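Observations on chain architecture
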Amino acid sequence: MTTDKSLPVTKRMVWEAYQLVAGNGKAAGVDGQSLDEFAQDLGNNLYKLWNRMASGSYFPPAVRRVEIPKANGGIRPLGIPTVADRVAQMVVKQYLEAGLDRVFDPDSYGYRPGKSAHQAIEQTRKRCWDYDWALDLDIKGFFDTIDHALLVRALRKHCQEPWVLLYVERWLKAPVEMPDGTIQKREAGTPQGGVVSPLLANLFLHYGFDAWMRRTFPRIPFERYADDAICHCRTRQEAEHLKAALEKRLADCHLTLHPQKTQVVYCRDSNRRETHPQIHFTFLGFTFRPRMAKNRWGKLFTCFLPAVGPQALKRMRERIRSWRLPQHAPLPLADIARILNPILQGWWQYYGRFYPTEMWTLFTYFDERLGAWLRRKYKWLKRHRGRSLRRLNSIAKRNPSFFVHWARLGHATVG
């Protein structure tokens, strides 16, 4: 039986893990305790967690299942651990991450220090210029179908610490509380939403995909971000051969390539004039397709480029619609700007990085909603759409710092 304080988990490790968790999501787990409530008795809560982790008596509670609607009409299942469990997972993640990250492939970009989605998109853009074909991969239900035995085997290659292996296996087996309150055992997968899950998922796909690709198809470059990947091929035949090989490889890893969402894409531009049925794909919210661009001499040509995708635009428009701006007519515009501009700024910083003109349709829609807010706020503008939009432009010129797109243009995008 494990004796008290028998494992090398220190109070400092727990404290540093809490500091990292405290800056992230505040959702409560199955115990209903929020991050703020946990902090009200912080010293006692952290001491109890350390005491249990250091003695080997820590058993993670069930993970609360939350179902998030996806843009394609499906459901993305997330698992929300309790605050204490998030801290415990962070202890293990901090212990493992530096060593594992040195092993991971340079073209693995997801959830890694010093790596980003923009880097993955930039590399994809460059390779689409050099390669005529792309294989857009989609692994069906990846986080829910990771094989526990294969994952632990991969972890043992890089970590022999008994306490780390002990807690990872306990997290993998922790049950799930479904939205209806029922408890389900988990035989496979690691909950998407857990602190340590992205690191474990990267480790699984490092051996399941990255290292296998380098060994079996060394001439085919790829970019992978978590379970999303793009592979670049010279010919359609090469892409189809890779797809068939990957179906078998993933099946050996107890994973399934999504038959509808996995597709071979022709990267058409001005130098590639052939006609093929599939000439676009979406990666990390950006849709790659033929777009008009200017060369250094100002001449227009067609280039295969990324820009914010239609599904991402739809989600952002729905978010703007949910704000119901006209119903907040009593609020001053400065207050609306203070609340909403950080959200618009975040969208712009992510989606405005590539082919930014595609974002202007979204900002135009936002300004139209502001115009409706003006018409509700001032009776003399009621039923005068054109007048309200001209008024909005006047406000934008006087206060360009209110919203990110006003700051760039010096005026609103309508009127």
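Here, every reference points to the structure presented above.
Here the structure is a predicted model, which means the values were calculated and not measured. (Residues numbered from 1 in each chain as written. Predicted model: local features only at pLDDT ≥ 70, side-chain atom pairs only at ≥ 80, totals over all residues. Heavy atoms only, no water.)

**Observations regarding the nonpolar core**
Condition: For the purposes of this section, nonpolar cores are sets of buried Ala, Val, Leu, Ile, Met, Phe, Trp, Tyr and Cys residues that join through side-chain atoms within 4.5 Å. Exposure categories follow from relative accessible area, calculated using a 1.4 Å probe and restricted to protein chains: below 20% of the type maximum is buried, above 50% is exposed, and the middle band is partly exposed. Counting from the N terminus, the helices are the DSSP runs of H or I reaching at least four residues and the strands are the DSSP runs of E reaching at least two. Residues count as neighbours in contact if any of their non-hydrogen atoms are within 4.5 Å of one another.
Grouped together as the largest cluster of nonpolar side chains are 70 residues, with contacts concentrated most on Val-92, Phe-142, Phe-209, Met-213, Cys-231 and Leu-242. The element best represented in this core is helix α9 (residues 197-216), accounting for nine residues. Sequence-distant contacts of Phe-209, that is, excluding residues within four places in its chain, are made with Leu-137, Phe-222, Arg-224, Ala-229, Cys-231 and Leu-246. Among the nonpolar cores identified, the runner-up in size contains 52 residues, and Tyr-225, Phe-304, Met-316 and Ile-320 belong to it.

**What to know about the sheet that holds strand β7 (residues 228-233)**
Definition in use: Whether two strands pair depends on DSSP finding at least two bridges between them. Axis definition: a line fitted to C-alpha atoms, over the contacting stretch in the case of helices. Angles run 0 to 180 degrees between N-to-C directions.
A sheet is described by the order of its strands in space; here four strands give the open sequence β6-β7-β3-β8, paired in antiparallel fashion. The open sheet has two edge strands with one neighbour each: β6 (222-225) and β8 (263-266). The sheet shows a mean angle of 20° between the axes of neighbouring strands, direction not considered. Summarising the sheet, strand β3 (residues 133-138) and β8 pair through four bridges and their orientation is antiparallel. Bridge assignment links Asp-136 to a residue of β8, and that residue is Gln-263. This element, α9, spans β3, β6 and β7 of the sheet and lies at about 175° to β6. Across the sheet, helix α10 (residues 236-252) touches β3, β7 and β8, and the angle it forms with β3 is around 20°.

**Thoughts on the pairing of strand β10 (residues 286-294)**
Both strand β9 (residues 281-283) and β10 contribute to a ladder of three bridges, which runs antiparallel. Each residue of the ladder has a partner; that of Phe-281, found in β10, is Phe-288. The loop that links β9 with its antiparallel partner β10 comprises two residues; one of these, Leu-284, has a positive phi angle of about 55°. Note: β10 against strand β11 (residues 300-308), nine bridges, orientation antiparallel. Within β11, the residue paired with Lys-294 across the bridge is Leu-300. Count of turn residues in the β10/β11 antiparallel hairpin: five residues, of which Gly-298 carries a positive phi of about 85°.

**What about the packing of aromatic side chains?**
Note the following rule: By convention, a stacked pair of Phe, Tyr or Trp rings (six-membered ring in the case of Trp) has centres within 6.5 Å and planes under 30 degrees apart, an edge-to-face pair has planes over 60 apart, and any other such pair is tilted.
Taken as a whole and judged by the stated rule, the model has 27 aromatic pairs. Relative to Phe-222, the ring of Phe-209 has its centre 5.1 Å away and its plane inclined at 75°; by these criteria the two rings are edge-to-face. Here the residue Phe-209 occupies a position in helix α9, and Phe-222 occupies one in strand β6, the gap between them amounting to 13 residues. Neither residue differs from the other here; Phe-209 and Phe-222 are each classed as buried.

**Some words on the side chain of Arg-127**
Within the secondary structure layout, Arg-127 lies in helix α5 (residues 117-130). Here Arg-127 falls in the buried class, since its relative accessible area comes to 15%. Every residue in contact with Arg-127, bar those within four places of it in the chain, is listed here: Asp-107, Pro-221, Phe-222, Glu-223 and His-232.

**Considering the environment of Gly-352**
With respect to the helices and strands, the residue Gly-352 is situated in the loop between α12 (333-351) and α13 (360-377). The exposure class assigned to Gly-352 is buried, which follows from its relative accessible area of 12%. Along the backbone, Gly-352 and Glu-37 are 315 residues apart, and their C-alpha atoms lie at a distance of 37 Å.

**Some remarks on the side chain of Asp-367**
Formally: Polar contacts, as used here, are pairs of N or O atoms within 3.5 Å; protein pairs need one atom able to donate a hydrogen and one able to accept it. Residues neighboring in sequence count only if both atoms are side-chain atoms.
With respect to the helices and strands, the residue Asp-367 is situated in helix α13. A polar atom in the side chain of Asp-367 sits 2.9 Å from the side chain of His-405. Ignoring anything within four residues of it in the chain, the contact list for Asp-367 reads Leu-389, Leu-392, His-405, Trp-406, Ala-412, Thr-413 and Val-414.

**A closer look at the sheet that holds strand β1 (residues 63-69)**
If you trace the four strands from one edge of the open sheet to the other, you get β2-β1-β4-β5, paired in mixed fashion. What marks the edges here is a single partner per strand, and that holds for β2 (75-80) and β5 (183-184).

**Quick word on the packing of α9 against α10**
For clarity, the threshold we go by: Angular relationships are summarised with four words: roughly parallel below 35 degrees, roughly antiparallel beyond 145, roughly perpendicular across 65 to 115, and oblique for the angles in between. Working rule for handedness: look at the near helix, and if it is turned counterclockwise from the far one by less than a right angle, call the crossing left-handed; if clockwise, right-handed. In this count, Pro and Cys sit with the nonpolar residues alongside Ala, Val, Leu, Ile, Met, Phe, Trp and Tyr, while Asp, Glu, Lys and Arg are called charged and the others, Gly among them, polar.
One way to put it is that α9 packs onto α10 with a least axis distance of 11 Å and a crossing angle of 140°. It follows that α9 is oblique to α10 by the angle criterion. The interaxial crossing formed by α9 with α10 has right-handed handedness. In this structure, α9 contributes Tyr-207, Gly-208, Phe-209, Trp-212 and Met-213 to the contact, and α10 contributes Leu-242, Ala-245, Leu-246 and Arg-249. Per-class residue counts for the contact of α9 with α10 are seven nonpolar, one polar and one charged.

**Quick notes on the environment of Ala-117**
If you trace the backbone, Ala-117 turns up in helix α5. Expressed as a C-alpha distance, the spacing of Ala-117 and Phe-283, which sit 166 residues apart in the sequence, is 9.4 Å. If we ignore the near neighbours within four places in the chain, the residues touching Ala-117 are Tyr-225, Leu-284 and Tyr-350.

**As for the state of the cysteines**
Operational definition: Only a pair of cysteine sulfur atoms within 2.5 Å counts as a disulfide in this structure description.
Per the counting criterion, the structure on display carries zero disulfides. Distance from the sulfur of Cys-233, which forms no disulfide, to the nearest cysteine sulfur (Cys-231) is 6.5 Å. Judged by its relative accessible area of 0%, Cys-233 falls in the buried class.

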